[in-house]
Amino acid sequence: MTPPRVIDERHSPPIPIPATPNNQHPAKRTPKDFRFGKVIGEGSFSTVYLAKDIHTSREYAIKVCDKRHIIREKKTEYVKREKEVLNILSSNVKATAPFFVKLYCTFQDMDRLYFVLSYAKNSELLPYINKVGSFDITCTRFYSAELLLALEHLHSLGIIHRDLKPENILLDERMHILITDFGSAKILETEPEIKEEGPQLERRNSFVGTAQYVSPELLTDKSASKSSDLWALGCIIYQMVSGLPPFRSRSEYLIFQKILKLDYDFPDGFSQSVRDLVEKLVVLDSSQRLGAKDGDSYSSIRSHPFFSGVQFETLYKQTPPQIY
Ligand code: ATP
């Protein structure tokens, strides 16, 4: 990639995104500080490159967003939100749950925004599930436990992800999870109202999230709470065991109908203890989901028999089980 011309941000139209703490260093990074390598992914308005810091040789994933495309697609709020959440998470890394992609710095030129992110060497969780068809219980337990710790931390910071799914769970070089994609997230501190109304949602013009993992409360009254992520957690745990998400159909509309009727079933041979956990998370009434009444730690989920024996505090130091 040809390093684009870098201009002073003061003259850079037209997406005012909040400053990253790392941005304030006198030696501000520019694309010239990195050697851009292969494309590792494409989003609807972004391309993600593997890049090397020419000074340290450290590898990063640099997400390059096209400003005009963002404006055309009315995604400005989405990009701002993503940066805001990544900033919060990157300055609040929890040693026992470093399960989020980290934002190192951002910069921009006339046409593009650059997000310098930690590189998730092993890409997304989804192809691993698809490749093996279903995870064994050890793998399911390990990755469910990491997800639970990640949600505890995210929620304790007052952030709801709202689009948790296996495509947004990346894997680092040691195969630990790195959650990404915070454009649909909600920050409760700055938006204490749980009920989602007003122009922001109208602009999105539909639900927030992905059909298969969207919680019923988002469909019925456009409201989201931390418990909405617990619903998604239940769906992902189900998918790890069965290979597919619980609510499936040929159209989004039909998926929504199934979600609202809690119309799903368990395939033969589905582990009884996982089934019990899923049934306690995938519950229509968000206040009745396991963990919904817990504080910052999801102790009622942690103490579910499925997690018996899991050493939550040392998960990140453990070697993840081989995926079969
Ligand atoms: P959309 O914007 O359409 O919702 P997206 O959020 O997946 O899509 P990007 O964030 O640009 O878009 O990511 C595109 C792809 O790049 C992802 O699907 C993922 O596979 C890969 N990717 C993103 N971030 C990283 C990262 N930090 N490390 C490794 N791969 C990444």
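All values derive from a computational prediction rather than experimental measurement.

**Details of unusual backbone geometry**
Here's step 1: The phi dihedral of Lys 74 falls on the positive side, at around 55°, and the residue is not glycine.
Here's step 2: Even without a glycine there, the phi angle at Met 175 is positive, about 75°.
Here's step 3: With respect to the element layout, Met 175 can be found in the loop between strand E7 (169-171) and strand E8 (177-179).
Here's step 4: For Met 175, a relative accessible area of 17% translates into the label buried.

**Some thoughts on the state of the cysteines**
Here's step 1: Applying the stated criterion across every chain yields a total of zero disulfides.
Here's step 2: Sulfur of Cys 65: no disulfide; nearest cysteine sulfur belongs to Cys 105 and is 14 Å away.
Here's step 3: Assessed through its relative accessible area of 1%, Cys 65 is described here as buried.

**Re the packing of helix H4 (residues 137-156) against helix H7 (residues 226-242)**
Here's step 1: Packing of H4 against H7 brings their axes to within 10 Å, and their N-to-C directions diverge by 170°. One finds that H4 runs roughly antiparallel with respect to H7. Side by side, H4 and H7 meet where Thr 140, Tyr 143, Ser 144, Leu 147, Leu 148, Leu 151, Leu 154 and His 155 of the first sit next to Lys 226, Asp 229, Leu 230, Leu 233, Ile 236, Ile 237, Met 240 and Val 241 of the second.
Here's step 2: A breakdown of the residues in the contact of H4 with H7 according to their chemical character gives eleven nonpolar, three polar and two charged.

**Points about the site of the ligand**
Here's step 1: With respect to spatial proximity, 16 residues lie near the ligand, and among them Ser 44, Ser 46, Lys 63, Ser 118 and Glu 124 are the closest.
Here's step 2: Glu 124 is positioned with one of its side-chain polar atoms (N or O) 2.7 Å from an oxygen atom of the ligand.
Here's step 3: Asp 181 is positioned with one of its side-chain polar atoms (N or O) 3.2 Å from an oxygen atom of the ligand.
Here's step 4: Contact with the protein chains hides 83% of the accessible area of the ligand, taken as 610 Å² for the molecule alone.

**Describing the pairing of strand E1 (residues 34-42)**
Here's step 1: With six bridges connecting them, E1 and strand E2 (residues 46-53) associate as antiparallel partners. By the bridge assignment for E2, Arg 35 is matched with Lys 52.
Here's step 2: Where E1 hands over to E2, the hairpin turn is made up of three residues, counted between the paired strands.

**Section: the sheet that holds strand E4 (residues 103-108)**
Here's step 1: The five strands are arranged E1-E2-E3-E5-E4 in an open sheet whose pairing can be described as antiparallel. Both edges of this open sheet fall to E1 and E4, since each of them pairs with a single strand only. Across this sheet, the average inter-strand angle for adjacent strands is 25°, counted without regard to direction.

**Points about the nonpolar core**
Here's step 1: Tyr 143, Ile 177, Phe 182, Ile 301 and Phe 307 are the most contacted members of the largest nonpolar core, which totals 85 residues.
Here's step 2: Once you skip the residues sitting within four places of it in the chain, Tyr 143 turns out to touch Phe 135, Leu 171, Met 175, Ile 177, Met 240, Pro 320 and Ile 323.

**Considering the confidence of the model for the protein**
Here's step 1: Of all residues in the protein, 86% have pLDDT values of 70 or greater, and the mean over the chain is 89.
Here's step 2: In this model residues 191-205 is a low-confidence stretch, pLDDT under 50, and it forms 25 contacts with partners more than four residues away in sequence or in other chains.
Here's step 3: For this predicted complex, the interface confidence score (ipTM) comes to 0.98, while the overall pTM stands at 0.88.

**Considerations on the packing of H7 against helix H9 (residues 272-281)**
Here's step 1: One way to put it is that H7 packs onto H9 with a least axis distance of 8 Å and a crossing angle of 155°. The angle between H7 and H9 falls in the class roughly antiparallel. As for how H7 packs across H9, the hand of that crossing is left-handed. Taken together, the residues of H9 that come into contact with H7 (itself represented by Leu 230, Trp 231, Leu 233, Gly 234, Ile 237, Tyr 238 and Val 241) are Val 274, Leu 277, Val 278 and Leu 281.
Here's step 2: Grouping the amino acids of the contact of H7 with H9 by side-chain chemistry returns ten nonpolar, one polar and no charged.

**Re the side chain of His 161**
Here's step 1: Mapped onto the elements of the fold, His 161 is located in the loop between strand E6 (159-160) and E7.
Here's step 2: His 161 sits in the buried class, given a relative accessible area of 0%.
Here's step 3: One polar contact links the side chain of His 161 to the main-chain amide nitrogen of Asp 163, over a distance of 2.9 Å.
Here's step 4: Among the polar contacts listed, one links the side chain of His 161 to the backbone oxygen of Asp 181, at a separation of 3.1 Å.
Here's step 5: Apart from residues lying up to four places away in sequence, His 161 is in contact with Leu 154, Asn 168, Ile 179, Thr 180, Asp 181, Phe 182, Ser 184, Ala 185 and Asp 229.

Quick notes on the rules
Residues numbered from 1 in each chain as written. Predicted model: local features only at pLDDT ≥ 70, side-chain atom pairs only at ≥ 80, totals over all residues. Heavy atoms only, no water. Helix = DSSP H or I, 4+ residues; strand = E, 2+ residues; numbered from the N terminus. Buried < 20%, exposed > 50% of the residue type's maximum accessible area, 1.4 Å probe, protein only. Disulfide = S-S within 2.5 Å. Axes fitted to C-alpha atoms, helices over the stretch in contact; angles between N-to-C directions. Parallel < 35°, antiparallel > 145°, perpendicular 65-115°, else oblique. Contact = heavy atoms within 4.5 Å. Nonpolar A, V, L, I, M, F, W, Y, C, P; charged D, E, K, R; others polar. Near = heavy atom within 4 Å. Polar contact = N/O pair within 3.5 Å; in protein donor to acceptor, adjacent residues only side chain to side chain. Areas by Shrake-Rupley, 256 points an atom, 1.4 Å probe, with all protein chains shown as cover. Pairing = 2+ DSSP bridges. Core = buried A, V, L, I, M, F, W, Y, C linked by side-chain atoms within 4.5 Å. pLDDT = per-residue confidence, 0-100. Left-handed = near helix turned anticlockwise from the far one by under 90°.

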